[in-house]
Amino acid sequence: MEDRLGALADGLRIARRSQLIARQSVIVGLSLSAVAMLFAALGHLPPVNGAILQEVIDVAVILNALRALHVPVEHHPVLNPEEHAALQGEHASLKPILEQIREVADVLALEQPVDMSRLMALSRVVQQELIPHEQEDERRLHPALAHRMPGNDPMAMLSRTHAEIMRLCRQYQNQLQRLQGREPDLQERRFLLKTLYSLSAILELHFAQEDELYALLATNQLG
């Protein structure tokens, strides 16, 4: 009853093992009972002995079924401690960019004169740091992780988020190019504000999703 994907993987392992044990119990129990009835029909097994033998068979089947209570769940780490620490460090280095995006958006929300140099500085940071990070994740990191994980395209959700982040980054840069250094009017200001707040929100969510996933992969909770 955990709010984590790793618990779902454990549940599938438990269900499959329990199903296997149940099948074993049914097959073994019916087989032994059939053999006992055959011997009884041939007169080699007295009724009292047959009744006792049936109880022994039932107890053996029950004891076998009790093995389902103890499930050896084996996890296989996808990230080693060094890789996990490196990924955490990358996200920590990007935190100032998130703060800068939010600060610029907050200034636009005040509807006061805009310092275009701050907008241009943010555009350079997005172009030189944020976009390369997202491209590197999409081209190299996530495909490498997907090869180590079970399932068909396990990183698809994060790839979709990458695409949205890239779209918002390019949208912001295109808006600045159309301004050509002049101060935005009210409509343009609102459009910039919407873009920056959207980018800030999706980056916060995306980094949180990645941090949780990397923690699961590094602590043997998914794989």
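Reading the values: the criteria
Residues numbered from 1 in each chain as written. Predicted model: local features only at pLDDT ≥ 70, side-chain atom pairs only at ≥ 80, totals over all residues. Heavy atoms only, no water. Helix = DSSP H or I, 4+ residues; strand = E, 2+ residues; numbered from the N terminus. Buried < 20%, exposed > 50% of the residue type's maximum accessible area, 1.4 Å probe, protein only. Contact = heavy atoms within 4.5 Å. Areas by Shrake-Rupley, 256 points an atom, 1.4 Å probe, with all protein chains shown as cover. Salt bridge = Lys/Arg side-chain N within 4 Å of Asp/Glu carboxyl O. Expected span 1.5 Å × (residues − 1). Bend = angle between axes of the 7 residues up to and from the residue. Polar contact = N/O pair within 3.5 Å; in protein donor to acceptor, adjacent residues only side chain to side chain. Axes fitted to C-alpha atoms, helices over the stretch in contact; angles between N-to-C directions. Parallel < 35°, antiparallel > 145°, perpendicular 65-115°, else oblique. Left-handed = near helix turned anticlockwise from the far one by under 90°. Nonpolar A, V, L, I, M, F, W, Y, C, P; charged D, E, K, R; others polar. Core = buried A, V, L, I, M, F, W, Y, C linked by side-chain atoms within 4.5 Å.

Q: Which residues make up the overall build of the protein chain, and what values go with them?
A: When helices and strands are tallied, the protein chain shows six helices and zero strands. Starting at the N terminus and ending at the C terminus, the protein chain contains elements arranged as α-α-α-α-α-α. Taking all 223 residues of the protein chain together, the buried fraction comes to 32%. Within the protein chain, counting contacts between residues at least 6 apart in sequence, those at least 24 apart form 80% of the total. If you sum the accessible surface of the protein chain, you get close to 13900 Å²; carbon and sulfur atoms cover 60% of it.

Q: Which residues make up the environment of Arg190, and what values do they have?
A: With respect to the helices and strands, Arg190 occurs in helix H6 (residues 186–218). For Arg190, a relative accessible area of 53% puts it in the exposed group. Along the chain, Arg190 and Glu111 lie 79 residues apart, while their C-alpha atoms are 9.3 Å from each other.

Q: Please set out unusual backbone geometry residue by residue, giving values where relevant.
A: Its identity is not glycine, yet Gln180 carries a phi of approximately 55 degrees, on the positive side. Position of Gln180 relative to the elements: it lies in the loop between helix H5 (156–179) and H6. With a relative accessible area of 72%, Gln180 lands in the exposed category.

Q: Can you break down the pattern of salt bridges residue by residue, with the values?
A: In this structure the tally under the stated criterion is six salt bridges. In this structure, Glu103 and Arg118 form a salt bridge, with 4.0 Å as the shortest nitrogen-oxygen distance. Residue Glu103 is found in helix H3 (residues 81–109), and its partner Arg118 is found in helix H4 (residues 116–148); the two are separated by 15 residues along the sequence. By relative accessible area, Glu103 is classed as partly exposed at 44%. For Arg118, a relative accessible area of 33% gives the class partly exposed. The structure contains a network of salt bridges with shared partners spanning Arg160, Glu164 and Arg167.

Q: If you had to explain the environment of Ala51 to someone new, which residues and values would you point to?
A: Tracing the sequence through the fold places Ala51 in helix H2 (residues 47–65). Its relative accessible area of 43% is what places Ala51 among the partly exposed residues. When the C-alpha positions of Ala51 and Ala36 are compared, they lie 9.7 Å apart, and in sequence the two are 15 residues distant.

Q: I'd love a proper account of H3, names of residues and values included.
A: An ideal rise of 1.5 Å per residue puts 42 Å on 29 residues; H3 measures up with 42 Å between its terminal C-alpha atoms. At Leu94, H3 shows its maximal kink, close to 30 degrees; a proline, Pro96, follows between one and four residues later. Buried within H3 we find His84, Leu87, His91, Leu94, Ile97, Leu98, Ile101, Val104, Ala105 and Leu108. Those residues of H3 hidden inside the fold are in contact with H4 and H6. Here H3 starts with a cap whose side-chain oxygen sits 3.1 Å from the backbone nitrogen of Glu82, and that cap is Asn80. In the segment just after H3, Glu111 is the residue with positive phi, at about 55 degrees.

Q: Quick one: what's the story with H5, residue by residue and with numbers?
A: With 24 residues, H5 extends 35 Å between its outermost C-alpha atoms, agreeing within 8% with the 34 Å of an ideal straight helix rising 1.5 Å per residue. Count one or two residues on from H5 and you reach Gln180, which has phi positive near 55 degrees.

Q: Which residues make up the side chain of Ser25, and what values go with them?
A: The residue Ser25 is located in helix H1 (residues 5–41) in this model. At 2.8 Å, the side chain of Ser25 and the side chain of Asn64 are in polar contact. Setting aside chain neighbours within four positions, we find Ser25 in contact with Val61, Asn64 and Ala65.

Q: So what about the packing of H5 against H6? Which residues, and what values?
A: Packing of H5 against H6 brings their axes to within 10 Å, and their N-to-C directions diverge by 155 degrees. The orientation of H5 relative to H6 falls into the category roughly antiparallel. Seen along the crossing, H5 lies across H6 with a hand that is left-handed. Broken down by class, the residue content of the contact of H5 with H6 amounts to 15 nonpolar, eight polar and four charged.

Q: Please give an account of the nonpolar core that cites residues and values.
A: Membership of the largest hydrophobic core comes to 29 residues, with the highest contact counts inside it found for Ile101, Leu119, Leu196, Leu199 and Leu203. Looking at this core, the elements that each hand over two or more residues are H3, H4, H5 and H6. Setting aside residues no more than four positions away along its own chain, Ile101 makes contact with Leu122, Leu130, Leu196, Leu199, Ser200 and Leu203. Counting residues in each nonpolar core, the second largest holds 11 residues, with Leu141, Met149, Leu213 and Tyr214 among its members.

Just geometry here; none of it tells us what the structure is for.
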